[in-house]
Amino acid sequence: MKKVKNKVNLRSYYIMTGLRALFLSPVIVSIGQLIGAALSIPLIIIPIILLALFWVLYARVAKLPENASQIFMPIFVVFCYYMGVWICVFGLSHYYFGSSLFSGVYSILTIPFFIINVFLTMAAGDYSSIPLINAGIMAVTVLSIIITCAICKKKIIYDRKIITYGLIIICLSGVAGYQQFDRDKKVLAGYDDTERVADEVDLYAYHPFFNDNQLAKPKEAPAVSFAANYPKLDGATAAYPVYAATAQALYKGLDAETVEQYITCSNTNGAYERLINGEIDIFFGAQPSKQQIQKAKENGVAFTLTPIAKEAFVFFVNKDNPVNSLTLGQLQDIYQKRITNWRDVGGNNEKITPFQRPDNSGSQTIMLARVMQGKPLPPPLGEEYADGMGEIISQVAVYRNYSSAIGYSFRYFATGMKPNENIKLLAINAIEPTVENIRNGAYPFVIDAYAVTAGLKNENTEKLINWILSKQGQDFIEQCGYVRE
């Protein structure tokens, strides 16, 4: 018997169907997004209906192959392509949508999704829905063809290859799903209205010689003052009110504008950089990190640390958290993720969210040196949020007031500069970080605040530090909110 040739031109079918799936389907959905945004209504259902109708019409008139593996191969390949690009870019970018991989490589390789990408990043701030949209397009296409073939009584033979397609789809979807699960553990997003203890302090409130600033003023005229050769000061955010108030009290002949060339607040890492580079005379804040000490050595610089006050390194939790005290061992286990549930330390049955600070920040340096004591910290949580211009910024997550969270900072910063009534300070080993416990050293994490120099290039530098160490200077330090040395 003579074999009947398949009248379907498979090459032509694959090319035309593949191009429709690759370009036309995401473009139709994108146009629906654009129209919906223009009319301020969700119109995603309309392009899905249009997409289904298109494939119904196509399946009615097209000469489809009989084998399901042949019918759905172009759609399957396109799905694998889009999902493969997503998995690679999502993984290589470490789940940060602000990565150049998303704005460059991904955008180019998924041009038909351009409108969808734009709206997702502008409205939602991320691309998370893309895999679902891709899966939805594939599902609508496949179901439309199946239903149409059933209605038109077009035969579909489900061969073994279709099982392979299904397994590959399951694997790709599983990888994408795991990536999202992994991201949820490492990245926190979408909580912009939640209060946090962060670096977001209005520094103008502590600007020297600025009208109505919040700087402390000496109760009596200082025994030392400078009318020229002003030492240049910089330091940590938490120390800014102290050294800014000192400059306001001792520097004569300056105003709110001219003082800016002598007093700055570049935060811990930036200020240490400036000290190493010889741009400032004194750094105020916590001890330098190992990396900062190493960098100073590489530049032929030696730090001189002079303790000027005592401070407490403190831990925070939500005010409704029933846990009031932790031990050093519990803190270490929490931050090494050996303890992951508040229930294990006397709290609610809730997963612990341990927040960290950026490397070489003052608080992260103290965390590593005093709390972890050489024990390694796992990678910190990340956080993504959009600023006013829509730019995506990725950074280490600082402490936010989530009910399950724990974070750390300095007592003065959290209670004086950035108070938050919705958090509470934890006792450590049942000892609270009170002024008295800081002064007598009972609190486990009492630290020194330093005036750090790297060579006395300005003759007035030593005079300024000596005044801070004097009784009058120490009274003023206490007046500023620190605990005297």
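Shown above is the structure to which this text applies.
Here's a quick rundown of the structure. (Residues numbered from 1 in each chain as written. Predicted model: local features only at pLDDT ≥ 70, side-chain atom pairs only at ≥ 80, totals over all residues. Heavy atoms only, no water.)

A closer look at the overall build of the protein chain
Using the following cut-off: Elements are defined by DSSP. Helices are runs of H or I of four residues or more, strands are runs of E of two residues or more, and each kind is numbered from the N terminus. For every residue, the accessible area obtained with a 1.4 Å probe (protein chains only) is divided by the maximum for its type, and the residue is called buried under 20%, exposed over 50%, and partly exposed between those limits. Computed with a 1.4 Å probe, the accessible areas rest on the Shrake-Rupley method; for each residue, only the protein chains presented here act as cover.
Each helix and strand in the protein chain was counted, giving 16 helices and 13 strands. Principal-axis analysis of the C-alpha atoms gives the protein chain an extent of 115 × 50 × 45 Å. Counting across all 485 residues of the protein chain, residues that qualify as buried make up 48%. Roughly 23,800 Å² of accessible area belongs to the protein chain as shown, and the carbon and sulfur atoms make up 58% of that amount.

What to know about the layout of surface pockets
Which entries qualify depends on this criterion: Buriedness of a pocket was judged along seven lines, with at least five required to meet protein on both sides within 12 Å; pockets are open sets of points on a 1 Å grid over the protein atoms alone, cavities are sets where a 1.4 Å probe fits but cannot get out, and lining residues have an atom within 4 Å of a point. Grid points are joined across faces, edges and corners, and a volume is the space filled by probe spheres set on the points. By the convention adopted, Pro, Cys, Tyr, Trp, Phe, Met, Ile, Leu, Val and Ala count as nonpolar, Lys, Arg, Asp and Glu as charged, and the other residues, Gly among them, as polar.
Each pocket or cavity is described by its volume, and for the largest pocket that value is around 420 Å³. Taken together, 21 residues make up the lining of the largest pocket; nearest its centre are Lys-185, Lys-351, Ile-352, Thr-353 and Leu-381. Every element with two or more residues in the lining of the largest pocket is listed here: helix H7 (161-186) and strand S6 (353-354). Ranked by residue count, the leading element in the lining of the largest pocket is H7, at 4 residues. When grouped by side-chain class, the residues that make up the lining of the largest pocket number 11 nonpolar, 3 polar and 7 charged.

Focus on the side chain of Gln-356
Our working rule: Think of a polar contact as two N or O atoms within 3.5 Å of one another; within protein, one of them needs to be a possible hydrogen donor and the other a possible acceptor, and neighboring residues in sequence only count if both atoms come from side chains.
Within the fold, Gln-356 resides in the loop between S6 and helix H12 (362-372). One polar contact links Gln-356 to Gln-364, side chain to side chain, over a distance of 2.9 Å. Reaching out from Gln-356, the side chain makes a polar contact with the backbone oxygen of Pro-378 at a distance of 3.1 Å.

As for the environment of Asn-420
Relative to the elements of secondary structure, Asn-420 occurs in the loop between helix H13 (411-417) and strand S10 (423-425). Sequence-wise, Asn-420 and Lys-319 are 101 residues apart; in three dimensions their C-alpha atoms are separated by 9.8 Å.

Quick notes on empty space enclosed by the protein
Summary: where empty space remains is shown by rolling a probe the size of a single water molecule over the atoms. Tallying each qualifying case throughout the model produces 3 cavities of 30 Å³ or more. By volume, the largest cavity amounts to about 80 Å³. For the lining of the largest cavity, the secondary structure elements donating two or more residues are helix H3 (68-92) and helix H6 (130-151). Taken together, the residues of the lining of the largest cavity break down into 7 nonpolar, 2 polar and no charged.

A word on the packing of helix H9 (residues 267-276) against helix H10 (residues 290-298)
What counts here: Axis lines are fitted to C-alpha atoms, over the contacting stretch for helices. Their N-to-C directions set the angle, which ranges from 0 to 180 degrees. Note on angle classes: values under 35 degrees are labelled roughly parallel, values over 145 roughly antiparallel, values of 65 to 115 roughly perpendicular, and the remainder oblique. The hand of a helix crossing depends on one turn: near helix anticlockwise from the far one by less than a right angle means left-handed, and clockwise means right-handed. Any two residues whose heavy atoms approach within 4.5 Å are treated as being in contact.
Running from amino to carboxyl end, H9 crosses H10 at an angle of 15°, the nearest separation of the two axes being 10 Å. As the angle between them shows, H9 and H10 are arranged roughly parallel. Judged by the twist between their axes, the crossing of H9 over H10 is right-handed. Two secondary-structure elements touch here, H9 through Thr-268, Asn-269, Tyr-272, Glu-273 and Ile-276 and H10 through Gln-292, Lys-295 and Ala-296. Of the residues assigned to the contact of H9 with H10, the class counts are 3 nonpolar, 3 polar and 2 charged.

Concerning the pattern of salt bridges
Heads up, the rule is: The salt bridge definition used is simple: a Lys or Arg side-chain nitrogen within 4 Å of an Asp or Glu carboxyl oxygen.
In this structure the tally under the stated criterion is 11 salt bridges. Residue Arg-338 pairs with Asp-333 through a salt bridge whose shortest N-O separation is 3.7 Å. Arg-338 gets classed as exposed once you look at its relative accessible area, which sits at 58%. In this structure, the salt-bridge partner of Arg-439 is Glu-436, at a minimum N-O distance of 3.7 Å. Taken together, the residues Arg-439 and Glu-436, both in helix H14 (residues 435-439) and 3 residues apart, mark about one turn of the helix. Residue classification places Arg-439 among the partly exposed positions, given a relative accessible area of 37%.

A closer look at the packing of helix H11 (residues 328-335) against H12
Where H11 contacts H12, the axes come no closer than 10 Å and their chain directions differ by 130°. By the angle class used here, H11 and H12 are oblique. Facing H11, whose interface residues are Leu-328, Leu-331, Gln-332 and Tyr-335, H12 presents Met-367, Val-371 and Met-372. Per-class residue counts for the contact of H11 with H12 are 6 nonpolar, 1 polar and no charged.

Re the packing of aromatic side chains
Stated formally: Pairing of aromatic rings covers Phe, Tyr and Trp, the last through its six-membered ring, and needs centres within 6.5 Å; plane angles under 30 degrees mean stacked, over 60 mean edge-to-face, and all others mean tilted.
Overall, the coordinates contain 33 aromatic pairs when judged by the stated rule. On the numbers, 5.4 Å between centres and 90° between planes, the contact of Trp-55 with Tyr-58 is edge-to-face. Within this pair, Trp-55 and its partner Tyr-58 are both found in helix H2 (residues 45-61), separated by 3 residues, close to a single helical turn. By the ring-pair criterion, three or more aromatic residues cluster together here, those being Phe-313, Phe-315, Tyr-335, Tyr-408, Phe-410, Tyr-443 and Phe-445.

Some thoughts on the environment of Tyr-399
Here Tyr-399 is to be found in the loop between strand S8 (392-396) and strand S9 (405-410). Between the C-alpha atom of Tyr-399 and that of Phe-313, which follows or precedes it by 86 residues, the distance is 14 Å.

Quick notes on the pairing of strand S3 (residues 282-285)
Cut-off, in case you're wondering: In this analysis, strands are considered paired if DSSP registers two or more bridges between them.
The two faces of S3 match: Ile-282 and Phe-284 on one face and Phe-283 and Gly-285 on the other face are all buried. When strand S2 (residues 233-235) meets S3, the two strands line up parallel, connected through 3 bridges. Among the inter-strand pairings, Asp-234 is bridged to a residue of S3, identified as Phe-283. Here S3 pairs with strand S12 (residues 446-453) via 3 bridges, running antiparallel. Residue pairing in the sheet places Phe-283 in a bridge with Val-452 of S12.

Overview of a nonpolar patch on the surface
Counted only if it meets this: What makes a patch is a set of residues exposed beyond 30% relative accessible area and free of salt bridges, joined within 9 Å when like-charged and within 5 Å when nonpolar (Val, Leu, Ile, Met, Phe, Trp, Tyr).
Together, Ile-45, Ile-46, Ile-48, Ile-49, Leu-50 and Leu-53 give the surface a local cluster of nonpolar side chains, amounting to about 520 Å² of exposed area. Note that Ile-48 resides in helix H2.

Side note on H7
Here is the rule: Multiply 1.5 Å by the residue count of a helix minus one, and that product is the helix's expected span.
For H7, built from 26 residues, the straight-helix expectation of 38 Å at 1.5 Å per residue is met to within 8% by its first-to-last C-alpha distance of 38 Å. Among the residues of H7, those classed as buried are Tyr-165, Ile-169, Leu-172, Ala-176, Gln-179, Asp-182 and Arg-183.

Let's talk about the side chain of Thr-365
Take Thr-365: it is sitting in helix H12. Not counting residues up to four positions away in its chain, the partners in contact with Thr-365 are Gln-287, Pro-288, Ser-289 and Asn-360.

Topic: the pairing of S9
Of all 6 residues in S9, 6 are buried; the element is thus mostly enclosed. Across 5 bridges, strand S4 (residues 304-318) lies against S9 in antiparallel orientation. What sits directly across from Phe-313, in S9, is Phe-410. In this sheet, S9 lies alongside S6 in parallel orientation, the contact comprising 2 bridges. In the strand pairing of S9, Thr-353 is matched with Ala-405.

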